[in-house]
Amino acid sequence: MIFDLEIYSPVQQIKHLLFDEKGLQVFIKRDDMIHPVISGNKWRKLKYTLANAHNAGKTHLITFGGAYSNHLLATAAAAAKFGFKSTGFVRGEEVTNDTLFLCTLHGMQLIFVDRESYRDKQALFDQHFSNDASAYFIDEGGASAAAAQGCSELVAELLQTYDHLFCACGTGTTAAGILNGLQHLQTLFHAVPVLKQGEFIVDEIKQYTTHNPMYELHTQYHFGGYAKTTPELIDFIKQFIASTGILIEPVYTGKMMYALFDLARKNYFKPGSSILAVHTGGLIGLLGMKEKFFI
Ligand SMILES: *Cc1c(COP(=O)(O)O)cnc(C)c1O
């Protein structure tokens, strides 16, 4: 199959004094290892979208994101790998950073648009590509039923059943996909929204799940909102990296992992429980946040 995305993502155990004390076995699904620059979950989210684009005879992927968007970079790299052209609409005034540099390096054409115009993505697409029959619209963040389908496959790769599974949530599409995969398993899913007022992901999850899933929603770990941090979060991330050798970043995986540690500290889990955290990737963004680590 052309769109064999060669997913290899090992599960590793995280050894930590806290987990020993609480009698917990904690593991991490290293989706960050699927690809060097692509957020693991963005790779999964694109899989069926690329197949759909290809089957529709489209050769030019058009998508949308902020200047630090992991989805833009994932699309650029996937487009290069599978022989598509790619264009990314970037929200806001023209800037450069590591993410956009890597997008360009993978051949993506960037079009910067003001925040007002950015709101109507279909209008932007129509305006620029109505005469381009090869153009294929991919929504911001890659959100779609096809994306959820790709994410659900994470579950089939697991070799054991865990009592708990943790995942960081932006839109909630990844969470919905994983919940679909977990449908017949005795695993409690924990969604950790990284945006303020994370209750909104309930609707996203409803939209993309095929049943009525049970899960825990932990809305208190946003640290002020999307890409916001506190010294406490930064300290936690530094200690986590230095004590495990696993890189996490402040936007998604740092908040998810903080939630898991905080709940463990508060005796939320029964002793003897097994817990799997999904490392959704996003590490390229870490380099753009260096200043936050020196406050
Ligand atoms: C985009 C992203 C998420 C969130 O995925 P959603 O499907 O939007 O919830 C989580 N982690 C990382 C690293 C991401 O880049």
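Procedures and definitions
Residues numbered from 1 in each chain as written. Predicted model: local features only at pLDDT ≥ 70, side-chain atom pairs only at ≥ 80, totals over all residues. Heavy atoms only, no water. Core = buried A, V, L, I, M, F, W, Y, C linked by side-chain atoms within 4.5 Å. Buried < 20%, exposed > 50% of the residue type's maximum accessible area, 1.4 Å probe, protein only. Helix = DSSP H or I, 4+ residues; strand = E, 2+ residues; numbered from the N terminus. Contact = heavy atoms within 4.5 Å. Pairing = 2+ DSSP bridges. Axes fitted to C-alpha atoms, helices over the stretch in contact; angles between N-to-C directions. Polar contact = N/O pair within 3.5 Å; in protein donor to acceptor, adjacent residues only side chain to side chain. Right-handed = clockwise from strand over helix to strand, strands pointing away. Parallel < 35°, antiparallel > 145°, perpendicular 65-115°, else oblique. Left-handed = near helix turned anticlockwise from the far one by under 90°. Domains from an automatic or database assignment. Buried area = accessible area lost by both parts, 1.4 Å probe. Salt bridge = Lys/Arg side-chain N within 4 Å of Asp/Glu carboxyl O.

**Overview of the nonpolar core**
Ranked by internal contacts, the top residues of the largest apolar core, which has 35 residues, are I14, F19, F166, F236, F240, M257 and L260. Among the elements of the structure, α1 (17-22), β2 (25-30), β7 (164-169), α10 (231-244), α11 (253-265) and β10 (274-279) are those that each provide at least two residues to this core. It is α11 that contributes the most residues to this core, eight residues altogether. Not counting chain neighbours up to four residues away, the residues in contact with I14 comprise F19, V26, F27, I28, F240, T244, I246 and M257. Of all hydrophobic cores here, the second largest spans 26 residues; its members include A74, A79, V90 and Y136.

**Observations regarding the sheet that holds β2**
Taken together, the six strands give an open sheet; going across it, the order is β1-β2-β10-β7-β8-β9, and neighbouring strands pair in mixed fashion. Whereas interior strands pair on both sides, the edge strands pair on one side only; in this sheet they are β1 (11-14) and β9 (215-217). Each strand axis lies, on average, 25 degrees off the axis of its neighbour in the sheet, ignoring direction. As judged from the three bridges shared by β7 and β10, these two strands associate in the parallel manner. Note on β10: the bridge partner recorded for L165 is L276. Sheet strands in contact with helix α9 (residues 201-208) are β7, β8 (188-193) and β9, and its direction is about 155 degrees off that of β9.

**Regarding the side chain of H35**
Tracing the chain through its elements places H35 in the loop between β2 and α2 (40-55). A polar side-chain atom of H35 sits 3.1 Å from the main-chain amide nitrogen of V37.

**Thoughts on the pairing of β8**
On a regular strand, one side chain projects to one face of the sheet and the next to the other, so that they alternate. For β8, the buried fraction is high: five of the six residues fall into the buried class. The pairing of β7 with β8 spans six bridges and is classified as parallel. Bridge assignment links H164 to a residue of β8, and that residue is L188. Once you follow β7 into helix α8 (residues 173-182) and on to β8, the crossover reads as right-handed.

**Points about the packing of helix α3 (residues 70-82) against helix α4 (residues 98-105)**
Describing two packed helices takes the angle between their axes plus the distance from one axis to the other. At their nearest, the axes of α3 and α4 sit 8 Å apart, and the two run at 20 degrees to each other. Relative to α4, the element α3 is oriented roughly parallel. Of the two possible hands of crossing, α3 and α4 adopt the one that is left-handed. Every residue of α4 that contacts α3 at L72, L73 and A76 is listed here: T99, L100, L102 and C103.

**Comments concerning the domain arrangement of the chain**
The domains assigned to the chain are domain 1 (11-38 + 150-294) and domain 2 (41-142). Computed over C-alpha atoms, the centres of domain 1 and domain 2 are 26 Å apart. Roughly 1600 Å² is buried in total at the junction of domain 1 and domain 2, and carbon and sulfur atoms are behind 58% of that figure. Its largest share of buried area at the contact with domain 2, domain 1 owes to V37, I38 and I284, together 30% of the area lost on that side. In this structure, the connection of domain 1 to domain 2 is made through three salt bridges. Inspection of the region where domain 1 meets domain 2 yields six residue pairs in polar contact (both at pLDDT 80 or more). Elements supplying a minimum of two residues to the side of domain 1 that touches domain 2: α7 (145-156), α8 and α12 (284-287). The leading source of residues in the side of domain 1 that touches domain 2 is α7, at four residues.

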